[in-house]
Every structure is written in C-alpha cells, then in structure tokens.
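These are the residues of each chain, in order.
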Amino acid sequence: MKIALLGYGRMGKEIEKIALQRGHEIVIKYTGNEDYDIKLADVAIDFSIPDVAFTNISNCITNTVPVVSGTTGWLDKYQDIVNLCNDKKGAFIYASNFSLGVNIFFELNKQLAKMMNSLEQYNISMEEIHHTKKLDAPSGTAITLAEGIIENTNKTSWELDKQISESSIPIKAIRTPEVPGTHAVTYNSEVDSIDIKHTAHNRQGFALGAVVAAEWLINKTGVYTMNDVLNLG
C-alpha cells in the first residue's frame with residue numbers, strides 16, 4: 001500500500017515507522033512547504049495542523065484518495081468534509097484519537113455516564129494533559145469524551161477552565177513537556193469520587209491505530225469512525 005503522510009512531525013514519523021514495519025511504502029512526506037501529487041498514493045494519513053487539515057482532506061477526497069485524519073482543531077468544517085465525501089463518493093475517517101485503548105475508553109466513558117446520570121450528588125469534571133507542542137486545547141480526545149457524557153446525561157456543553165456548573169462539563173487542559181496524552185473523567189461527591197483515566201505511554205498506539213484505519217479504509221466509500229474499524233458497535 002502506498003501511503004501519503006500529510007504532516008511529517010513527531011506523529012508522522014511514528015506512523016512512518018509502523019507503516020514500514022507493516023510492509024507499506026511512503027510515497028509522500030508533506031511538511032507544509034512543498035507541492036505534491038496526492039494521486040501517487042493509495043491512501044493518505046493526515047496529522048498536520050488545524051490551518052491546513054481541511055485543505056489536505058478536501059484534496060484527497062476530490063482526487064478519490066481515501067484519507068484518515070487525526071488532526072484536531074478544524075472540526076467547524078467537518079460537515080463540509082462529510083458533504084464533499086458523499087458528493088465525490090470518497091472515503092474518510094476522522095478520529096480524535098486512533099489508539100485502541102482510547103476507543104475502548106470512549107465506550108467505557110459513555111457507559112459510566114449512563115449509570116451516573118440519575119445520581120445528582122455527583123459533579124462531573126475532566127482533565128487532559130499533553131505535551132507543550134500541542135496547539136489546540138482542550139484536546140480532541142477530551143472533546144470526544146465530553147460529547148459522550150453529554151449524549152448520556154443532562155449536561156448540555158463543555159467549557160475550558162471553568163468552574164463546575166449544573167449544565168456544563170469543566171475541562172482542565174494542562175501542557176507539560178513530553179507527555180503523549182493523559183485523560184481523566186471524575187465524578188465527585190461529598191462522600192466519594194469515581195475516576196476513570198487513560199494514560200498513553202508513547203505515540204506508538206496512536207500510530208498503529210492510524211495505519212490500521214488506513215488499511216481498513218481501502219476499497220470503501222463513505223464516512224466512518226474508529227468504532228467501524230474496531231467493530232465496537
């Protein structure tokens with residue numbers, strides 16, 4: 001499989017290692033400064049930056065190249081990509097996090113939210129910790145977790161660095177050197193606390209998940225999620 005890496009930072013380099021180990025060929029390494037012909041690739045993996053992700057993904061879909069994206073911070077245009085993908089009969093997967101463990105964590109988070117919904121004595125809060133080079137806050141993974149809670153409780157929104165309120169979920173975003181990613185959800189009452197947490201030890205899990213998603217997407221059309229790739233329901 002010929003892969004285009006749209007974004008060749010730390011994640012791009014980690015994806016390259018995993019892809020080569022799995023017998024694939026890297027035909028494009030786009031750093032943001034050079035021209036490239038996306039048609040050289042069988043599939044593209046976008047881990048770029050928010051300002052160029054939409055253009056990268058649109059270019060792939062327009063040229064009928066399946067594309068997997070893990071870039072966050074551009075999702076105000078997500079529906080435009082969905083519409084374009086449907087119009088061009090393209091293939092697209094977006095995930096805020098490609099790690100198998102995180103996607104299981106997403107499902108665990110939803111189930112816990114359902115169980116806690118009727119227990120009004122518990123306040124919900126979230127915390128995410130990432131490396132200092134991460135440009136967006138809160139992380140896309142934290143937003144996905146918050147959306148999972150909102151779908152299953154009476155909460156209606158999330159807010160960054162705000163106090164606990166009846167309707168919203170406060171998310172604290174911490175940036176510190178060399179942390180791949182930690183996410184925690186806490187239900188706190190006067191008598192006890194319940195915490196669920198996922199801690200990434202390195203970027204290999206993210207990279208492997210992205211390559212597996214790219215492999216899965218070949219010869220498909222439509223818009224998918226990691227639940228489809230991993231058959232999580």
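Our subject is the structure that appears above.
Keep in mind that this is a model prediction, so the values were computed, not measured.

1. Describing the overall build of the protein chain
Along the protein chain, the regular secondary structure elements total 7 helices and 11 strands. Scaling as 2.2 N^0.38, a compact globule of 233 residues should have a C-alpha radius of gyration of about 17 Å, and the protein chain matches this with 18 Å. For the protein chain, the spread of C-alpha atoms along the principal axes amounts to about 60 × 40 × 30 Å. The buried share of the protein chain, reckoned over its 233 residues, is 48%. Restricting the contact set of the protein chain to residue pairs at least 6 apart, pairs at least 24 apart contribute 64%. Summed over its atoms, the accessible surface of the protein chain is roughly 11600 Å², and 48% of this surface lies on carbon and sulfur atoms.

2. Thoughts on the environment of Gly 70
Position of Gly 70 relative to the elements: it lies in the loop between β4 (67-69) and α3 (78-88). By relative accessible area, Gly 70 is classed as buried at 11%. Taking the C-alpha atoms as reference points, Gly 70 and Ser 96, separated by 26 residues in sequence, lie 5.7 Å from one another. Other than its neighbours up to four places away in sequence, Gly 70 contacts Asp 46, Phe 47, Tyr 94, Ala 95 and Phe 98.

3. Quick look at the pattern of salt bridges
Summed over the entire model, instances satisfying the criterion amount to 5 salt bridges. The shortest N-O distance in the salt bridge between Arg 175 and Glu 128 comes to 2.7 Å. Of this pair, Arg 175 sits in strand β8 (residues 168-175) while Glu 128 sits in strand β6 (residues 123-130), placing them 47 residues apart in sequence. Accessibility expressed as a relative area gives 0% for Glu 128, which makes it buried.

4. Quick look at the packing of aromatic side chains
Under the defined criterion, the tally for this structure stands at 8 aromatic pairs. Both rings, one in Tyr 78 and one in Tyr 94, keep their centres 6.3 Å apart while their planes meet at 65 degrees; by these two values the pair is edge-to-face. Placement of the pair is Tyr 78 in helix α3 and Tyr 94 in strand β5 (residues 91-94), with a sequence separation of 16 residues. Grouping aromatic residues by their ring pairs yields a cluster made of Trp 74, Tyr 78, Phe 92 and Tyr 94. Lying over the aromatic face of Tyr 8, Lys 13 brings its terminal NZ or CZ to 4.3 Å of the ring centre. Above the face of the Phe 54 ring, Lys 77 is positioned so that its terminal group lies 4.9 Å from the ring centre.

The rules behind the values
- Residue numbers run consecutively from 1 along every chain, following the written order of its sequence.
- Local features are withheld for residues below a pLDDT of 70 in this predicted model, meaning they are given only at 70 or higher, and side-chain atom pairs are given and counted only at 80 or more; totals for whole chains, interfaces and linings count all residues.
- Computation of side-chain values: all heavy atoms of the structure, hydrogens and water removed.
- Labels follow the DSSP assignment, with helices taken as runs of H or I lasting at least four residues and strands as runs of E lasting at least two, numbered in each case from the N terminus.
- Both definitions apply: the radius of gyration is a C-alpha atom measure, and the globule rule equals 2.2 Å times residues to the power 0.38.
- Residue exposure (1.4 Å probe, protein chains only): buried if accessible area is under 20% of the type maximum, exposed if over 50%, otherwise partly exposed.
- Residue contacts follow a heavy-atom distance rule, with two residues in contact if any of their heavy atoms lie within 4.5 Å.
- Each accessible area is a Shrake-Rupley result for a 1.4 Å probe, and residues are judged covered by the shown protein chains and nothing else.
- Criterion for a salt bridge: a side-chain nitrogen of Lys or Arg within 4 Å of a carboxyl oxygen of Asp or Glu.
- Paired rings are identified among Phe, Tyr and Trp, the last through its six-membered ring, by centres lying within 6.5 Å, and are further divided according to the angle between planes into stacked (under 30 degrees), edge-to-face (over 60) and tilted (the rest).
- Working rule: Lys NZ or Arg CZ, within 6 Å of ring centre, within 35 degrees of ring normal, means a charge sits over the ring.

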